[in-house]
Amino acid sequence: MTRLSVIGSGYVGTTIAACFADLGHGVINVDIDQEIVDTINDGSAPIHEDGLAELVAEHAGPNSTGRLEATTDYEAVLDTDVTFLCLPTPQNGDGSIDLSIMEAAADQLGATLAAKDAWHTVIVKSTVVPGSTEEDITPILESASDDTAGDEFGVGMNPEFLREGTAVRDFLNPDKVVLGADDDRALEDMYSVFDPLIDQSDAPVVETDTRTAEMIKYANNSFLASKISLINDIGNICKEFGIDAYEVADAIALDDRIGEQFLRSGVGWGGSCFPKDTAAIRAAARNKDYEPAMLDAATEVNNRQPDRLLSLMDNHVDVAGKQVAVLGLAFKPGTDDIRNSRAIPVIEGLQARGAEIVAYDPVAIENMRERFPDIEYVDTPATALSEAAAALVVTDWEEITALDDEFDAMSTPVVVDGRRAIDRRDGIVYEGLTW
Ligand SMILES: NC(=O)c1ccc[n+]([C@@H]2O[C@H](COP(=O)([O-])OP(=O)(O)OC[C@H]3O[C@@H](n4cnc5c(N)ncnc54)[C@H](O)[C@@H]3O)[C@@H](O)[C@H]2O)c1
Ligand SMILES: O=c1ccn([C@@H]2O[C@H](COP(=O)(O)OP(=O)(O)O[C@H]3O[C@H](CO)[C@@H](O)[C@H](O)[C@H]3O)[C@@H](O)[C@H]2O)c(=O)[nH]1
(Lines give C-alpha, C1' and ligand atoms only; values in the text may rest on other atoms or scores of the structure.)
(Ligands and ions follow the chains in the order given, each with its own letter.)
Protein backbone atom coordinates (compact mmCIF):
# COMPACT_ATOMS: atom_id res chain seq x y z
CA MET A 1 0.00 0.00 0.00
CA THR A 2 1.37 3.40 -1.03
CA ARG A 3 0.17 6.76 0.24
CA LEU A 4 -0.77 8.83 -2.80
CA SER A 5 -1.95 12.34 -3.48
CA VAL A 6 -3.77 13.33 -6.65
CA ILE A 7 -3.77 17.03 -7.48
CA GLY A 8 -6.78 17.98 -9.60
CA SER A 9 -10.03 16.16 -9.03
CA GLY A 10 -11.76 16.32 -12.41
CA TYR A 11 -12.60 13.48 -14.81
CA VAL A 12 -9.14 11.93 -14.56
CA GLY A 13 -8.14 12.88 -11.00
CA THR A 14 -11.32 11.65 -9.35
CA THR A 15 -11.39 8.46 -11.38
CA ILE A 16 -7.80 7.48 -10.68
CA ALA A 17 -8.07 8.48 -7.00
CA ALA A 18 -11.16 6.30 -6.46
CA CYS A 19 -9.65 3.41 -8.44
CA PHE A 20 -6.31 3.56 -6.60
CA ALA A 21 -8.23 3.57 -3.30
CA ASP A 22 -10.08 0.51 -4.55
CA LEU A 23 -6.75 -1.15 -5.37
CA GLY A 24 -5.75 -0.73 -1.71
CA HIS A 25 -3.80 2.55 -1.63
CA GLY A 26 -4.51 5.46 0.72
CA VAL A 27 -5.39 8.43 -1.50
CA ILE A 28 -5.82 12.15 -0.96
CA ASN A 29 -7.42 14.28 -3.69
CA VAL A 30 -6.34 17.92 -3.70
CA ASP A 31 -8.46 20.42 -5.63
CA ILE A 32 -8.95 24.19 -5.49
CA ASP A 33 -12.72 23.74 -5.83
CA GLN A 34 -14.29 23.47 -2.36
CA GLU A 35 -17.54 22.07 -3.75
CA ILE A 36 -15.71 19.15 -5.41
CA VAL A 37 -13.80 18.47 -2.20
CA ASP A 38 -16.98 18.52 -0.09
CA THR A 39 -18.77 16.25 -2.55
CA ILE A 40 -16.01 13.62 -2.36
CA ASN A 41 -15.80 13.85 1.42
CA ASP A 42 -19.57 13.27 1.55
CA GLY A 43 -18.96 10.03 -0.32
CA SER A 44 -20.34 11.24 -3.67
CA ALA A 45 -18.79 11.59 -7.12
CA PRO A 46 -18.40 15.16 -8.43
CA ILE A 47 -18.83 14.01 -12.06
CA HIS A 48 -21.14 11.65 -13.94
CA GLU A 49 -19.15 8.51 -14.75
CA ASP A 50 -20.41 4.95 -14.77
CA GLY A 51 -19.40 3.09 -11.57
CA LEU A 52 -17.63 6.09 -10.02
CA ALA A 53 -20.35 7.01 -7.52
CA GLU A 54 -20.21 3.50 -6.08
CA LEU A 55 -16.40 3.55 -5.75
CA VAL A 56 -16.34 6.98 -4.10
CA ALA A 57 -19.09 5.91 -1.68
CA GLU A 58 -17.15 2.76 -0.82
CA HIS A 59 -13.91 4.58 -0.02
CA ALA A 60 -14.79 8.17 1.03
CA GLY A 61 -17.17 9.70 3.55
CA PRO A 62 -19.19 8.10 6.31
CA ASN A 63 -19.30 4.28 6.56
CA SER A 64 -16.52 3.90 4.00
CA THR A 65 -13.07 2.27 4.05
CA GLY A 66 -11.74 5.82 4.54
CA ARG A 67 -9.05 5.19 1.95
CA LEU A 68 -10.11 8.25 -0.10
CA GLU A 69 -10.15 11.79 1.21
CA ALA A 70 -10.26 15.21 -0.42
CA THR A 71 -8.91 18.61 0.60
CA THR A 72 -8.09 22.04 -0.76
CA ASP A 73 -4.89 22.09 1.30
CA TYR A 74 -1.66 21.24 -0.55
CA GLU A 75 0.00 20.47 2.80
CA ALA A 76 -1.83 17.13 2.67
CA VAL A 77 0.72 15.89 0.12
CA LEU A 78 3.28 15.81 2.94
CA ASP A 79 1.46 12.76 4.33
CA THR A 80 1.98 10.92 1.04
CA ASP A 81 4.95 9.49 -0.88
CA VAL A 82 3.81 9.93 -4.47
CA THR A 83 1.83 12.79 -6.08
CA PHE A 84 -0.01 12.66 -9.42
CA LEU A 85 -0.63 15.93 -11.29
CA CYS A 86 -4.04 15.65 -13.00
CA LEU A 87 -4.61 19.25 -13.97
CA PRO A 88 -6.16 20.72 -17.09
CA THR A 89 -3.82 21.42 -20.03
CA PRO A 90 -6.05 23.62 -22.22
CA GLN A 91 -5.12 25.22 -25.51
CA ASN A 92 -4.09 28.77 -26.31
CA GLY A 93 -5.81 30.70 -29.10
CA ASP A 94 -3.30 29.32 -31.64
CA GLY A 95 -3.96 25.73 -30.54
CA SER A 96 -0.68 25.37 -28.63
CA ILE A 97 -0.72 23.91 -25.13
CA ASP A 98 -1.33 26.24 -22.19
CA LEU A 99 0.80 24.91 -19.35
CA SER A 100 0.02 27.74 -16.93
CA ILE A 101 -2.26 25.67 -14.65
CA MET A 102 0.32 22.86 -14.51
CA GLU A 103 3.08 25.37 -13.80
CA ALA A 104 1.11 27.07 -10.99
CA ALA A 105 0.33 23.71 -9.39
CA ALA A 106 3.95 22.52 -9.76
CA ASP A 107 5.10 25.72 -8.09
CA GLN A 108 2.70 25.24 -5.16
CA LEU A 109 3.58 21.55 -4.89
CA GLY A 110 7.32 22.31 -4.96
CA ALA A 111 6.96 24.98 -2.26
CA THR A 112 5.03 22.48 -0.14
CA LEU A 113 7.62 19.73 -0.67
CA ALA A 114 10.36 22.13 0.52
CA ALA A 115 9.23 21.16 4.04
CA LYS A 116 9.81 17.46 3.39
CA ASP A 117 13.21 15.82 3.92
CA ALA A 118 12.25 12.37 2.68
CA TRP A 119 12.19 11.33 -0.98
CA HIS A 120 8.94 12.07 -2.89
CA THR A 121 7.95 11.19 -6.45
CA VAL A 122 5.84 13.50 -8.63
CA ILE A 123 4.08 11.92 -11.60
CA VAL A 124 2.68 14.01 -14.45
CA LYS A 125 -0.62 12.41 -15.48
CA SER A 126 -1.93 15.32 -17.56
CA THR A 127 -1.45 15.25 -21.31
CA VAL A 128 1.56 17.50 -22.01
CA VAL A 129 3.62 18.02 -25.18
CA PRO A 130 7.02 16.28 -25.40
CA GLY A 131 9.63 17.90 -23.21
CA SER A 132 7.14 19.59 -20.83
CA THR A 133 7.90 17.36 -17.83
CA GLU A 134 11.65 17.64 -18.26
CA GLU A 135 11.93 21.25 -19.38
CA ASP A 136 9.01 23.00 -17.63
CA ILE A 137 7.58 21.06 -14.69
CA THR A 138 10.81 19.64 -13.24
CA PRO A 139 12.70 22.99 -13.14
CA ILE A 140 9.70 24.62 -11.41
CA LEU A 141 9.56 21.81 -8.83
CA GLU A 142 13.31 22.18 -8.30
CA SER A 143 13.32 25.92 -7.83
CA ALA A 144 10.21 25.96 -5.59
CA SER A 145 11.45 23.11 -3.35
CA ASP A 146 15.12 24.03 -3.53
CA ASP A 147 15.76 20.33 -4.15
CA THR A 148 17.30 18.49 -7.11
CA ALA A 149 15.31 16.06 -9.26
CA GLY A 150 16.87 12.61 -9.21
CA ASP A 151 18.62 13.32 -5.88
CA GLU A 152 15.94 14.52 -3.49
CA PHE A 153 12.79 13.83 -5.43
CA GLY A 154 11.77 11.81 -8.47
CA VAL A 155 9.75 12.76 -11.54
CA GLY A 156 7.71 10.47 -13.76
CA MET A 157 5.25 10.81 -16.63
CA ASN A 158 2.35 8.38 -16.88
CA PRO A 159 -0.13 9.20 -19.67
CA GLU A 160 -3.77 8.25 -19.17
CA PHE A 161 -5.83 6.51 -21.86
CA LEU A 162 -9.24 6.27 -20.18
CA ARG A 163 -12.31 7.37 -22.12
CA GLU A 164 -15.08 9.41 -20.59
CA GLY A 165 -18.23 7.39 -20.07
CA THR A 166 -16.20 4.24 -19.44
CA ALA A 167 -13.47 5.84 -17.32
CA VAL A 168 -13.55 3.43 -14.36
CA ARG A 169 -13.68 0.33 -16.57
CA ASP A 170 -10.91 1.65 -18.84
CA PHE A 171 -8.65 2.60 -15.94
CA LEU A 172 -9.02 -0.78 -14.27
CA ASN A 173 -8.56 -2.70 -17.55
CA PRO A 174 -5.90 -0.78 -19.47
CA ASP A 175 -4.51 -1.93 -22.84
CA LYS A 176 -1.12 -0.79 -21.57
CA VAL A 177 0.53 1.02 -18.69
CA VAL A 178 3.16 3.54 -19.81
CA LEU A 179 5.74 4.40 -17.16
CA GLY A 180 7.98 7.26 -18.21
CA ALA A 181 10.78 8.07 -15.78
CA ASP A 182 14.14 9.75 -16.02
CA ASP A 183 15.53 8.12 -12.84
CA ASP A 184 15.35 4.60 -11.38
CA ARG A 185 13.90 5.53 -8.05
CA ALA A 186 10.95 7.33 -9.64
CA LEU A 187 10.33 4.24 -11.77
CA GLU A 188 10.43 2.06 -8.65
CA ASP A 189 7.81 4.31 -7.00
CA MET A 190 5.65 4.14 -10.12
CA TYR A 191 5.76 0.36 -9.93
CA SER A 192 4.79 0.40 -6.26
CA VAL A 193 1.68 2.39 -7.21
CA PHE A 194 0.83 0.40 -10.36
CA ASP A 195 1.75 -3.14 -9.25
CA PRO A 196 -1.77 -3.98 -7.94
CA LEU A 197 -3.27 -2.75 -11.24
CA ILE A 198 -0.69 -4.56 -13.37
CA ASP A 199 -1.22 -7.81 -11.39
CA GLN A 200 -5.00 -7.56 -11.58
CA SER A 201 -5.30 -6.54 -15.25
CA ASP A 202 -2.27 -8.30 -16.75
CA ALA A 203 -1.67 -5.13 -18.81
CA PRO A 204 1.64 -4.89 -20.68
CA VAL A 205 3.99 -2.27 -19.24
CA VAL A 206 5.94 0.15 -21.43
CA GLU A 207 8.98 1.49 -19.57
CA THR A 208 10.41 4.60 -21.15
CA ASP A 209 11.66 8.14 -20.55
CA THR A 210 9.28 11.05 -19.84
CA ARG A 211 9.52 12.63 -23.34
CA THR A 212 8.62 9.40 -25.09
CA ALA A 213 5.77 8.77 -22.62
CA GLU A 214 4.42 12.24 -23.45
CA MET A 215 4.64 11.54 -27.20
CA ILE A 216 2.96 8.12 -26.87
CA LYS A 217 -0.14 9.87 -25.54
CA TYR A 218 -0.30 12.31 -28.48
CA ALA A 219 0.42 9.57 -31.00
CA ASN A 220 -2.38 7.46 -29.52
CA ASN A 221 -4.96 10.25 -29.68
CA SER A 222 -3.75 11.52 -33.07
CA PHE A 223 -4.04 8.06 -34.56
CA LEU A 224 -7.55 7.48 -33.23
CA ALA A 225 -8.82 10.94 -34.23
CA SER A 226 -7.31 10.49 -37.71
CA LYS A 227 -8.86 7.05 -38.03
CA ILE A 228 -12.30 8.57 -37.44
CA SER A 229 -11.57 11.41 -39.88
CA LEU A 230 -10.44 8.93 -42.51
CA ILE A 231 -13.63 6.90 -42.19
CA ASN A 232 -15.59 10.19 -42.27
CA ASP A 233 -13.80 11.22 -45.48
CA ILE A 234 -14.52 7.80 -46.98
CA GLY A 235 -18.08 8.01 -45.61
CA ASN A 236 -18.66 11.37 -47.32
CA ILE A 237 -17.50 9.81 -50.59
CA CYS A 238 -19.81 6.83 -49.98
CA LYS A 239 -22.76 9.19 -49.44
CA GLU A 240 -22.06 10.92 -52.77
CA PHE A 241 -22.19 7.52 -54.49
CA GLY A 242 -25.29 6.35 -52.60
CA ILE A 243 -23.24 3.68 -50.80
CA ASP A 244 -23.66 2.78 -47.10
CA ALA A 245 -20.34 3.64 -45.37
CA TYR A 246 -21.23 1.30 -42.50
CA GLU A 247 -21.40 -1.68 -44.83
CA VAL A 248 -18.01 -0.67 -46.24
CA ALA A 249 -16.59 -0.16 -42.71
CA ASP A 250 -17.82 -3.61 -41.60
CA ALA A 251 -16.00 -5.15 -44.54
CA ILE A 252 -12.68 -3.34 -44.13
CA ALA A 253 -12.80 -4.04 -40.38
CA LEU A 254 -12.35 -7.74 -41.22
CA ASP A 255 -8.78 -6.91 -42.21
CA ASP A 256 -6.86 -7.34 -38.95
CA ARG A 257 -4.54 -4.53 -39.96
CA ILE A 258 -7.48 -2.11 -39.91
CA GLY A 259 -9.58 -3.50 -37.03
CA GLU A 260 -13.19 -2.73 -36.17
CA GLN A 261 -12.84 0.01 -33.56
CA PHE A 262 -13.21 3.74 -34.25
CA LEU A 263 -14.75 3.17 -37.67
CA ARG A 264 -18.13 4.75 -36.86
CA SER A 265 -18.48 7.59 -39.33
CA GLY A 266 -20.74 10.56 -38.68
CA VAL A 267 -20.70 14.07 -37.27
CA GLY A 268 -17.12 13.70 -36.01
CA TRP A 269 -15.01 13.74 -32.89
CA GLY A 270 -15.46 16.12 -29.98
CA GLY A 271 -14.68 15.97 -26.29
CA SER A 272 -12.03 17.37 -24.04
CA CYS A 273 -9.14 15.46 -25.63
CA PHE A 274 -9.05 14.81 -29.39
CA PRO A 275 -9.61 18.42 -30.52
CA LYS A 276 -7.28 19.90 -27.90
CA ASP A 277 -4.56 17.28 -28.19
CA THR A 278 -4.42 17.21 -31.99
CA ALA A 279 -4.23 21.03 -31.92
CA ALA A 280 -1.42 20.95 -29.33
CA ILE A 281 0.75 18.44 -31.16
CA ARG A 282 0.18 20.21 -34.51
CA ALA A 283 1.27 23.50 -32.90
CA ALA A 284 4.27 21.79 -31.25
CA ALA A 285 5.27 20.29 -34.62
CA ARG A 286 5.02 23.69 -36.35
CA ASN A 287 7.12 25.15 -33.59
CA LYS A 288 9.81 22.70 -34.75
CA ASP A 289 9.22 23.79 -38.39
CA TYR A 290 7.42 20.58 -39.31
CA GLU A 291 4.07 20.82 -41.16
CA PRO A 292 1.83 18.01 -39.83
CA ALA A 293 -0.12 17.54 -43.08
CA MET A 294 -2.07 14.43 -42.05
CA LEU A 295 -3.19 15.87 -38.72
CA ASP A 296 -4.15 19.17 -40.39
CA ALA A 297 -6.32 17.23 -42.84
CA ALA A 298 -7.88 15.12 -40.05
CA THR A 299 -8.88 18.34 -38.28
CA GLU A 300 -10.29 19.88 -41.46
CA VAL A 301 -12.45 16.83 -42.21
CA ASN A 302 -13.71 16.89 -38.63
CA ASN A 303 -14.59 20.58 -38.77
CA ARG A 304 -16.65 20.04 -41.93
CA GLN A 305 -18.93 17.24 -40.66
CA PRO A 306 -21.41 19.42 -38.69
CA ASP A 307 -21.84 21.63 -41.81
CA ARG A 308 -22.54 18.57 -43.91
CA LEU A 309 -25.22 17.50 -41.38
CA LEU A 310 -26.86 20.93 -41.62
CA SER A 311 -26.65 20.95 -45.45
CA LEU A 312 -28.48 17.63 -45.60
CA MET A 313 -31.24 19.20 -43.52
CA ASP A 314 -31.31 22.29 -45.79
CA ASN A 315 -31.97 19.99 -48.77
CA HIS A 316 -35.35 19.10 -47.26
CA VAL A 317 -36.57 22.01 -45.16
CA ASP A 318 -35.98 25.73 -44.60
CA VAL A 319 -35.89 25.91 -40.80
CA ALA A 320 -36.06 29.72 -40.42
CA GLY A 321 -38.65 30.43 -37.71
CA LYS A 322 -39.36 26.73 -37.33
CA GLN A 323 -38.77 24.33 -34.45
CA VAL A 324 -35.80 21.98 -34.80
CA ALA A 325 -35.04 19.15 -32.36
CA VAL A 326 -31.40 18.61 -31.41
CA LEU A 327 -31.14 15.07 -30.03
CA GLY A 328 -28.05 14.67 -27.85
CA LEU A 329 -25.77 17.37 -26.43
CA ALA A 330 -22.94 15.42 -24.75
CA PHE A 331 -19.88 14.80 -26.95
CA LYS A 332 -20.61 11.07 -26.68
CA PRO A 333 -23.02 8.84 -24.72
CA GLY A 334 -22.32 8.04 -21.08
CA THR A 335 -21.06 11.46 -20.04
CA ASP A 336 -22.40 14.90 -19.15
CA ASP A 337 -19.31 16.50 -20.74
CA ILE A 338 -20.09 18.93 -23.58
CA ARG A 339 -16.53 20.15 -24.17
CA ASN A 340 -16.11 20.47 -27.96
CA SER A 341 -19.31 18.49 -28.48
CA ARG A 342 -20.39 18.44 -32.13
CA ALA A 343 -23.72 19.73 -30.79
CA ILE A 344 -22.09 23.17 -30.38
CA PRO A 345 -21.41 23.88 -34.10
CA VAL A 346 -24.75 22.24 -34.93
CA ILE A 347 -26.62 24.60 -32.57
CA GLU A 348 -24.64 27.59 -33.90
CA GLY A 349 -25.55 26.59 -37.46
CA LEU A 350 -29.22 26.35 -36.51
CA GLN A 351 -29.09 29.73 -34.78
CA ALA A 352 -27.56 31.24 -37.94
CA ARG A 353 -30.53 29.83 -39.88
CA GLY A 354 -33.02 31.42 -37.45
CA ALA A 355 -34.39 28.09 -36.19
CA GLU A 356 -36.17 27.67 -32.86
CA ILE A 357 -34.01 25.07 -31.16
CA VAL A 358 -35.44 22.50 -28.75
CA ALA A 359 -32.67 20.37 -27.30
CA TYR A 360 -32.72 17.06 -25.45
CA ASP A 361 -30.03 15.12 -23.60
CA PRO A 362 -30.43 12.69 -20.68
CA VAL A 363 -27.61 14.23 -18.56
CA ALA A 364 -25.84 17.13 -20.31
CA ILE A 365 -28.57 19.79 -20.37
CA GLU A 366 -27.28 21.77 -17.39
CA ASN A 367 -23.79 21.98 -18.88
CA MET A 368 -25.11 23.05 -22.30
CA ARG A 369 -27.45 25.60 -20.70
CA GLU A 370 -24.37 27.48 -19.48
CA ARG A 371 -23.07 27.60 -23.08
CA PHE A 372 -26.43 28.38 -24.75
CA PRO A 373 -28.76 29.85 -22.09
CA ASP A 374 -31.38 31.01 -24.59
CA ILE A 375 -32.39 27.83 -26.36
CA GLU A 376 -35.16 25.57 -25.09
CA TYR A 377 -34.27 22.36 -23.23
CA VAL A 378 -36.70 19.51 -22.65
CA ASP A 379 -36.71 16.36 -20.52
CA THR A 380 -37.76 13.84 -23.14
CA PRO A 381 -36.86 13.33 -26.80
CA ALA A 382 -40.60 13.01 -27.55
CA THR A 383 -41.18 16.58 -26.34
CA ALA A 384 -38.33 17.84 -28.54
CA LEU A 385 -39.81 16.06 -31.58
CA SER A 386 -43.39 17.20 -31.06
CA GLU A 387 -44.20 19.75 -33.83
CA ALA A 388 -40.53 19.90 -34.96
CA ALA A 389 -39.81 20.62 -38.63
CA ALA A 390 -36.53 18.68 -38.47
CA ALA A 391 -34.55 16.55 -36.02
CA LEU A 392 -30.76 16.37 -35.91
CA VAL A 393 -29.17 13.40 -34.13
CA VAL A 394 -25.85 14.38 -32.57
CA THR A 395 -25.26 11.84 -29.76
CA ASP A 396 -26.14 8.13 -29.91
CA TRP A 397 -27.64 7.80 -26.42
CA GLU A 398 -29.85 4.72 -25.92
CA GLU A 399 -32.79 7.03 -25.19
CA ILE A 400 -32.33 8.35 -28.74
CA THR A 401 -31.59 5.08 -30.55
CA ALA A 402 -34.78 3.64 -28.98
CA LEU A 403 -37.03 6.30 -30.60
CA ASP A 404 -39.71 5.04 -32.95
CA ASP A 405 -43.25 6.40 -33.36
CA GLU A 406 -42.26 9.58 -31.47
CA PHE A 407 -41.25 10.88 -34.93
CA ASP A 408 -44.90 10.81 -35.99
CA ALA A 409 -45.54 13.95 -33.92
CA MET A 410 -43.17 16.08 -36.05
CA SER A 411 -44.69 18.76 -38.29
CA THR A 412 -42.38 17.73 -41.16
CA PRO A 413 -40.62 14.47 -40.32
CA VAL A 414 -37.08 15.28 -41.59
CA VAL A 415 -34.55 13.30 -39.56
CA VAL A 416 -30.85 13.88 -40.22
CA ASP A 417 -28.77 11.34 -38.33
CA GLY A 418 -25.16 12.16 -37.47
CA ARG A 419 -24.53 8.92 -35.56
CA ARG A 420 -26.46 6.16 -37.34
CA ALA A 421 -28.65 6.03 -34.24
CA ILE A 422 -32.08 5.82 -35.88
CA ASP A 423 -33.47 3.12 -38.15
CA ARG A 424 -34.99 4.18 -41.45
CA ARG A 425 -38.76 3.75 -41.21
CA ASP A 426 -41.90 4.59 -43.12
CA GLY A 427 -43.30 8.02 -42.46
CA ILE A 428 -40.00 9.88 -41.98
CA VAL A 429 -37.66 11.54 -44.45
CA TYR A 430 -34.40 10.02 -43.25
CA GLU A 431 -30.90 11.17 -44.15
CA GLY A 432 -27.84 9.44 -42.73
CA LEU A 433 -24.70 11.56 -42.79
CA THR A 434 -22.56 8.91 -44.50
CA TRP A 435 -25.09 6.22 -45.47
N1 LIG B 1 -10.96 13.74 -19.54
C2 LIG B 1 -10.37 12.67 -20.06
O3 LIG B 1 -11.03 11.75 -20.53
C4 LIG B 1 -8.87 12.57 -20.10
C5 LIG B 1 -8.28 11.34 -20.41
C6 LIG B 1 -6.89 11.24 -20.45
C7 LIG B 1 -6.10 12.36 -20.17
N8 LIG B 1 -6.71 13.54 -19.88
C9 LIG B 1 -5.84 14.69 -19.52
O10 LIG B 1 -5.83 14.79 -18.08
C11 LIG B 1 -5.73 16.17 -17.69
C12 LIG B 1 -6.89 16.52 -16.76
O13 LIG B 1 -8.08 16.41 -17.51
P14 LIG B 1 -9.53 16.36 -16.82
O15 LIG B 1 -10.49 16.08 -17.92
O16 LIG B 1 -9.50 15.48 -15.63
O17 LIG B 1 -9.66 17.89 -16.34
P18 LIG B 1 -10.86 18.53 -15.52
O19 LIG B 1 -11.00 19.92 -16.01
O20 LIG B 1 -12.03 17.62 -15.50
O21 LIG B 1 -10.31 18.57 -14.00
C22 LIG B 1 -9.25 19.34 -13.57
C23 LIG B 1 -9.40 19.66 -12.08
O24 LIG B 1 -8.25 20.41 -11.66
C25 LIG B 1 -8.66 21.37 -10.69
N26 LIG B 1 -7.64 22.40 -10.59
C27 LIG B 1 -7.39 23.44 -11.43
N28 LIG B 1 -6.32 24.13 -11.01
C29 LIG B 1 -5.88 23.54 -9.87
C30 LIG B 1 -4.80 23.77 -8.97
N31 LIG B 1 -3.93 24.77 -9.16
N32 LIG B 1 -4.64 22.93 -7.92
C33 LIG B 1 -5.51 21.90 -7.72
N34 LIG B 1 -6.54 21.63 -8.53
C35 LIG B 1 -6.72 22.43 -9.59
C36 LIG B 1 -10.01 21.84 -11.22
O37 LIG B 1 -10.78 22.42 -10.18
C38 LIG B 1 -10.62 20.53 -11.75
O39 LIG B 1 -11.39 19.87 -10.77
C40 LIG B 1 -5.66 16.96 -19.00
O41 LIG B 1 -4.31 17.14 -19.35
C42 LIG B 1 -6.32 16.04 -20.01
O43 LIG B 1 -5.88 16.29 -21.32
C44 LIG B 1 -8.06 13.67 -19.81
O1 LIG C 1 -15.89 5.34 -34.19
C2 LIG C 1 -15.96 6.40 -33.56
C3 LIG C 1 -15.48 6.55 -32.22
C4 LIG C 1 -15.58 7.79 -31.60
N5 LIG C 1 -16.14 8.85 -32.25
C6 LIG C 1 -16.22 10.18 -31.57
O7 LIG C 1 -14.92 10.51 -31.10
C8 LIG C 1 -15.01 11.32 -29.93
C9 LIG C 1 -14.12 10.77 -28.85
O10 LIG C 1 -14.63 9.52 -28.40
P11 LIG C 1 -13.84 8.58 -27.36
O12 LIG C 1 -12.47 8.38 -27.84
O13 LIG C 1 -14.66 7.40 -27.12
O14 LIG C 1 -13.89 9.48 -26.04
P15 LIG C 1 -12.84 10.29 -25.16
O16 LIG C 1 -13.34 10.21 -23.78
O17 LIG C 1 -12.62 11.63 -25.77
O18 LIG C 1 -11.47 9.45 -25.20
C19 LIG C 1 -10.36 9.80 -26.03
O20 LIG C 1 -9.59 10.82 -25.43
C21 LIG C 1 -9.10 10.49 -24.10
C22 LIG C 1 -8.41 11.71 -23.55
O23 LIG C 1 -7.12 11.87 -24.05
C24 LIG C 1 -8.18 9.28 -24.23
O25 LIG C 1 -7.67 8.97 -22.93
C26 LIG C 1 -8.94 8.10 -24.84
O27 LIG C 1 -8.06 6.99 -25.01
C28 LIG C 1 -9.51 8.54 -26.19
O29 LIG C 1 -10.29 7.48 -26.75
C30 LIG C 1 -16.51 11.34 -29.55
O31 LIG C 1 -17.06 12.58 -29.97
C32 LIG C 1 -17.10 10.19 -30.33
O33 LIG C 1 -18.45 10.39 -30.66
C34 LIG C 1 -16.62 8.72 -33.55
O35 LIG C 1 -17.12 9.68 -34.15
N36 LIG C 1 -16.53 7.49 -34.16
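As the structure is a computational prediction, the values presented were derived from the model and not from experiment.

Parameters and conventions
- Residues numbered from 1 in each chain as written.
- Chains lettered and ligands numbered in written order.
- Predicted model: local features only at pLDDT ≥ 70, side-chain atom pairs only at ≥ 80, totals over all residues.
- Heavy atoms only, no water.
- Pairing = 2+ DSSP bridges.
- Helix = DSSP H or I, 4+ residues; strand = E, 2+ residues; numbered from the N terminus.
- Axes fitted to C-alpha atoms, helices over the stretch in contact; angles between N-to-C directions.
- Near = heavy atom within 4 Å.
- Polar contact = N/O pair within 3.5 Å; in protein donor to acceptor, adjacent residues only side chain to side chain.
- Areas by Shrake-Rupley, 256 points an atom, 1.4 Å probe, with all protein chains shown as cover.
- Domains from an automatic or database assignment.
- Patch = residues over 30% accessible without salt bridge, like charges linked within 9 Å, V, L, I, M, F, W, Y side chains within 5 Å.
- Salt bridge = Lys/Arg side-chain N within 4 Å of Asp/Glu carboxyl O.
- Nonpolar A, V, L, I, M, F, W, Y, C, P; charged D, E, K, R; others polar.
- Buried < 20%, exposed > 50% of the residue type's maximum accessible area, 1.4 Å probe, protein only.
- UniProt positions renumbered as here; feature names shortened; annotations may be inferred.
- Contact = heavy atoms within 4.5 Å.
- Parallel < 35°, antiparallel > 145°, perpendicular 65-115°, else oblique.
- Left-handed = near helix turned anticlockwise from the far one by under 90°.

**A look at the sheet that holds strand 10 (residues 356-360)**
Logical step 1: Ordered by their spatial adjacency, six strands build an open sheet running 11-10-9-12-13-14, and the pairing between neighbours is parallel. Edge positions in the open sheet fall to strand 11 (376-378) and strand 14 (429-432), since each of these has one partner strand only. Across the sheet, the mean angle separating the axes of adjacent strands is 20 degrees when strand polarity is ignored.

**So, the site of ligand 1**
Logical step 1: Taken together, 26 residues lie around ligand 1, and V12, D31, Y74, T89 and K276 are the ones closest in.
Logical step 2: Take D31: an N or O atom from its side chain is 2.7 Å from an oxygen atom of ligand 1.
Logical step 3: In the model, a nitrogen atom of ligand 1 is placed 2.7 Å from a nitrogen or oxygen of the Y74 side chain.
Logical step 4: Contact with the protein chains removes 89% of the 840 Å² of surface that ligand 1 exposes when unbound.
Logical step 5: Of the residues that make up the shell around ligand 1, three or more belong to each of domain 1 (3-208) and domain 2 (216-435).

**Notes on unusual backbone geometry**
It is generally the case that most residues other than glycine have a negative phi and that most peptide bonds are trans.
Logical step 1: Positive phi, normally seen in glycine, also occurs at F262, with a value near 60 degrees.
Logical step 2: Among the structural elements, F262 can be located in the loop between helix 9 (245-252) and helix 10 (274-287).

**Thoughts on a nonpolar patch on the surface**
Logical step 1: A surface patch of nonpolar side chains, amounting to about 320 Å² of accessible area, comprises I237, F241 and I243.
Logical step 2: Tracing the sequence through the fold places I237 in helix 8 (residues 210-241).

**Considerations on the site of ligand 2**
Logical step 1: Near ligand 2 there are 20 residues, and of these F161, L162, E164, K217 and C273 occur at the shortest range.
Logical step 2: Between ligand 2 and L162, the relevant distance is 2.6 Å, taken from an oxygen atom to a main-chain nitrogen or oxygen of the residue.
Logical step 3: Interatomic distance of 2.8 Å between a side-chain N/O atom of N221 and an oxygen atom of ligand 2.
Logical step 4: Relative to its unbound accessible area of 700 Å², ligand 2 is 91% covered by the protein chains.
Logical step 5: Of all the secondary structure elements, the ones that give two or more residues to the shell around ligand 2 are helix 8 and helix 10.
Logical step 6: With three residues, the single largest contributor to the shell around ligand 2 is helix 8.
Logical step 7: Grouping the amino acids of the shell around ligand 2 by side-chain chemistry returns nine nonpolar, three polar and eight charged.
Logical step 8: Mapping the shell around ligand 2 onto the domain boundaries places at least three of its residues in each of domain 1 (3-208) and domain 2 (216-435).

**Overview of the pattern of salt bridges**
Logical step 1: This model, assessed by the stated rule, comprises 22 salt bridges.
Logical step 2: Note that R286 and D296 form a salt bridge whose closest N and O atoms lie 2.3 Å from each other. Remark: D296 occurs in helix 11 (residues 293-314) and R286 occurs in helix 10; sequence separation between them is ten residues.
Logical step 3: Exposure remark for R286: the relative accessible area of 32% places this residue in the partly exposed category.

**A closer look at the pairing of strand 13 (residues 414-417)**
Logical step 1: Here strand 13 shows two buried faces, one formed by V414 and V416 and the other by V415 and D417.
Logical step 2: Two elements, strand 12 (residues 390-393) and strand 13, share four bridges in a ladder whose sense is parallel. Paired with V393 across the bridge in strand 13 is D417.
Logical step 3: The sheet contact formed by strand 13 and strand 14 spans four bridges and is parallel. Bridge pairing in strand 14 links V415 to Y430.

**Some details on the UniProt feature "active site" (unreviewed entry) in the protein chain**
Logical step 1: On the UniProt side, "active site" (unreviewed entry) is annotated at positions that read C273 here.
Logical step 2: Looking at where C273 falls in the secondary structure, it is placed in the loop between helix 9 and helix 10.
Logical step 3: According to the relative accessible area criterion, C273 is partly exposed, its value standing at 31%.
Logical step 4: Beyond its immediate chain neighbours, meaning those up to four positions away, C273 contacts N221 and T278.

**Points about the packing of helix 1 (residues 11-22) against helix 3 (residues 52-59)**
Logical step 1: Packing of helix 1 against helix 3 brings their axes to within 9 Å, and their N-to-C directions diverge by 55 degrees. It follows that helix 1 is oblique to helix 3 by the angle criterion. Pair helix 1 / helix 3 crosses with left-handed handedness. Note on element contacts: helix 3 touches helix 1 through L52, L55, V56, E58 and H59, opposite T14, T15, A18, C19, A21 and D22.
Logical step 2: Grouping the constituent residues of the contact of helix 1 with helix 3 by class yields six nonpolar, three polar and two charged.

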